[in-house]
Amino acid sequence: MPQSVYLADDEKNIRDLIALFLSQEGFSVQAFSDGDSLLAACRQSPPDLVILDIMMPGTDGLSICSQLRQENSNLPIIIVSAKDSPFDRVTGLTLGSDDYLIKPFLPQELVARVRALLRRSQNTYPPSDVPCELTFGTLTLSPGLHTAILNNQPLTLTPTEFDFLSYMIAHQERAVSRDELLQTLWKMDWQSDTRATDDLVKRLRRKLRTQQSNIRIETVWGFGFRLALEDELS
């Protein structure tokens, strides 16, 4: 069965072009002219991935993205937008999108990102240099299966949250800077605004607390973050 993609963009020519390229690559595509229609369709039958424009009639794409993320923490979301400032990208990523593509773009680039994000979310073939398991305290991540177990219970993570924790565990012996995380998780290479990681960390801290974990994501002020266990912080 082909993987399903829902696409929302109020510009028909862009919507039709994206849908055409994705369909030619074997995806099942449903296109919408506004985010509200896409959101309603997702609630009826969730797709494998969502592509959202920001500026649309009715509810804007960022609000739709935030709502989708609240209702489905695993759904891969790509934002496509003409807004190209660091602040706009940070806003999109912190509201829950997994990728941010700036218009105009080549349709082939979007297809490549769709495939990459679906691989990350489903992890059909992990890189050979990734260990079978990553462990920190009572948290175990399995990159091959893309599963997380915390205190012997499943922990639900978005692809970006999973990548964040994987990177932090792999470098648990040191603090990791915000800039390093930006370049690693989202391939961003700019210094003007590093808030993209902060909202992600807040979400993860809530998830860890909900499952009564003693794992803490400690802020290293003016630099970044490090993983620690509660007894190490006392």
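All figures in this text were calculated on a predicted structure; none of them were measured in a lab.

Q: Explanation requested: unusual backbone geometry in the structure shown.
A: Note on backbone geometry: most residues besides glycine have negative phi, and most peptide bonds are trans. For the peptide bond that leads from lysine 103 to proline 104, omega is -10 degrees, which places it in the cis range. You can see proline 104 is positioned in the loop between β5 (99-102) and α5 (107-122). You will see that asparagine 151, though not glycine, has its phi angle at about 50 degrees, which is positive. Mapped onto the secondary structure, asparagine 151 falls in the loop between β8 (147-150) and β9 (153-154). According to the relative accessible area criterion, asparagine 151 is partly exposed, its value standing at 29%.

Q: Got a minute to help me understand the side chain of aspartate 9 in this structure?
A: With respect to the helices and strands, the residue aspartate 9 is situated in the loop between β1 (4-8) and α1 (12-24). Among the residues examined, aspartate 9 registers a relative accessible area of 0% and is labelled buried. There is a polar contact of 2.8 Å between the side chain of aspartate 9 and the side chain of lysine 103. For aspartate 9, the residues in contact, after removing those within four places along its chain, are Ile14, Arg15, Phe32, Ser33, Asp53, Met56, Val80 and Lys103.

Q: Would you mind showing me how to read the nonpolar core here?
A: The nonpolar side chains of a soluble globular protein tend to be buried, and buried together. Counting 26 residues, the largest nonpolar core has Leu141, Phe164 and Ile217 as its most contacted members. When contributions to this core are tallied by element, the ones reaching two or more residues are β6 (134-136), β7 (139-142), β8, α6 (159-170), α7 (178-185), α8 (196-210), β11 (215-220) and β12 (224-229). Per-element tally for this core: the top contributor is α6, with 6 residues. In terms of nonpolar packing, the next biggest core, distinct from the first, is built from 19 residues, Ala8, Leu62, Ile64 and Tyr100 among them.

Q: Got a minute to help me understand the pattern of salt bridges in this structure?
A: Between side chains of opposite charge, pairing is possible as soon as their charged atoms come close. The final tally for this structure, using the stated rule, is 14 salt bridges. Here arginine 174 and glutamate 180 are joined by a salt bridge, their closest N and O atoms 2.8 Å apart. Taken together, the shared-partner salt bridges in this structure form one network comprising Asp9, Glu11, Asp53 and Lys103.

Rules and cut-offs
- Residues numbered from 1 in each chain as written.
- Predicted model: local features only at pLDDT ≥ 70, side-chain atom pairs only at ≥ 80, totals over all residues.
- Heavy atoms only, no water.
- Helix = DSSP H or I, 4+ residues; strand = E, 2+ residues; numbered from the N terminus.
- Buried < 20%, exposed > 50% of the residue type's maximum accessible area, 1.4 Å probe, protein only.
- Polar contact = N/O pair within 3.5 Å; in protein donor to acceptor, adjacent residues only side chain to side chain.
- Contact = heavy atoms within 4.5 Å.
- Core = buried A, V, L, I, M, F, W, Y, C linked by side-chain atoms within 4.5 Å.
- Salt bridge = Lys/Arg side-chain N within 4 Å of Asp/Glu carboxyl O.

Scope: geometric values only; no functional claims are made or implied.
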